[in-house]
Amino acid sequence: MRECIKRNIKGKTVLLLFILCNTVYGIMLIITIPEIMKFSGDMKILDMMPTGYDVQYVSTLFNTLGTTGRDSYLYHQLPLDLIYPFLFGISSCLILAYFLNKLGKLESSLFYLCLLPLLSGLFDYGENIGIINMLKDYPNISTLQVQTTSFFTVVKSVFTTIYFIILIITLLALAKNKLFTRKV
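Residues numbered from 1 in each chain as written. Predicted model: local features only at pLDDT ≥ 70, side-chain atom pairs only at ≥ 80, totals over all residues. Heavy atoms only, no water.

## Overview of the overall build of the protein chain
Next up, step 1: Looking only at helices and strands, the protein chain features six helices and zero strands.
Next up, step 2: Its helices and strands taken in sequence order, the protein chain reads α-α-α-α-α-α from the N to the C terminus.
Next up, step 3: Among the 184 residues that make up the protein chain, the fraction classed as buried is 43%.
Next up, step 4: Expressed as a percentage of contacts within the protein chain between residues at least 6 apart in sequence, the contacts between residues at least 24 apart total 78%.
Next up, step 5: Within the structure as shown, the protein chain displays about 10200 Å² of accessible surface, and the carbon and sulfur contribution to it stands at 67%.
Next up, step 6: In the protein chain, 16 positive and 11 negative side-chain charges are present, and the distance between their average locations comes to 19 Å. (Helix = DSSP H or I, 4+ residues; strand = E, 2+ residues; numbered from the N terminus. Buried < 20%, exposed > 50% of the residue type's maximum accessible area, 1.4 Å probe, protein only. Contact = heavy atoms within 4.5 Å. Areas by Shrake-Rupley, 256 points an atom, 1.4 Å probe, with all protein chains shown as cover. Lys, Arg positive; Asp, Glu negative; His and termini not counted. Charge placed at Lys NZ, Arg CZ, Asp CG, Glu CD.)

See below:
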């Protein structure tokens, strides 16, 4: 795994994946999520609830969305959100590896931090599969479906938050090294 990551942390590769990932994310933020929000009565969609949700919330949201809103969620948002976790996981893994390499820390145990976005992407897939199943099963959604999907949402959010904190710390360390090196 380490060798595969090291082979792919060239600046152009990392930048291309970053742009591709954020293009898909931008399309979701600008087009598909607002499309669903038109039907949601200002309720947040499940993907955007980092602390999770319960059966009551899911039932109310899906009822409020109506058939058109649920179809928009299922056939417009979720297909993109099946591409995004892969792009986020890979690009974010390589971005952190790229900067850790610049710090000379990629060979250390810090390398394993690069796996956090891959785990986040994996739990995002669990979340998406759960949402797809709930949308297809509506109105017969089980408590177990909601609890399992909500668990995936929360864990995805935790791993994503930890990743971004680590990335910020890494960038600050890199900036400190650059500034310190210039002063000497």
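## Some points on helix H3 (residues 55-81)
The periodicity of an α-helix, 3.6 residues per turn, causes residues three or four positions apart to be oriented the same way.
Next up, step 1: Here H3 is 27 residues long, yet its end C-alpha atoms lie only 22 Å apart, well below the 39 Å a rise of 1.5 Å per residue gives.
Next up, step 2: Considering bend angle alone, the principal kink of H3 is centred on Gly66 and spans about 110°.
Next up, step 3: You can read the cap of H3 off the contacts: a side-chain oxygen lies 3.3 Å from the backbone nitrogen of Gln56, and it is on Asp54. (Expected span 1.5 Å × (residues − 1). Bend = angle between axes of the 7 residues up to and from the residue. Polar contact = N/O pair within 3.5 Å; in protein donor to acceptor, adjacent residues only side chain to side chain.)

## What to know about the nonpolar core
Next up, step 1: Ranked by internal contacts, the top residues of the largest apolar core, which has 47 residues, are Leu46, Val58, Phe62, Tyr73 and Met134.
Next up, step 2: Counting residues per element, the ones that place at least two in this core are helix H2 (11-40), H3, helix H4 (84-102), helix H5 (116-137) and helix H6 (143-183).
Next up, step 3: The greatest single-element share of this core, amounting to nine residues, is contributed by H4.
Next up, step 4: Ignoring sequence-local partners within four residues, the contact set of Phe62 consists of Leu46, Arg70, Tyr73, Met134, Leu135, Tyr138 and Ile141. (Core = buried A, V, L, I, M, F, W, Y, C linked by side-chain atoms within 4.5 Å.)

## Observations concerning the pattern of salt bridges
Close approach of charged atoms allows side chains with opposite charge to pair.
Next up, step 1: Taken as a whole and assessed by the stated rule, the structure comprises three salt bridges.
Next up, step 2: Put simply, Glu127 and Lys156 hold a salt bridge, and the shortest N to O gap is 3.1 Å. Taken together, the residues Glu127 in helix H5 and Lys156 in helix H6 connect sequence positions 29 residues apart. A single burial state applies to Glu127 and to Lys156, both of which are buried. (Salt bridge = Lys/Arg side-chain N within 4 Å of Asp/Glu carboxyl O.)

## Topic: the environment of Asn101
Next up, step 1: Residue placement: Asn101 occurs in helix H4.
Next up, step 2: Residues Asn101 and Ile9, spaced 92 residues apart in sequence, show a C-alpha to C-alpha distance of 8.6 Å.
Next up, step 3: For Asn101, the contacting residues outside a window of four places in its chain are Ile9 and Leu106.

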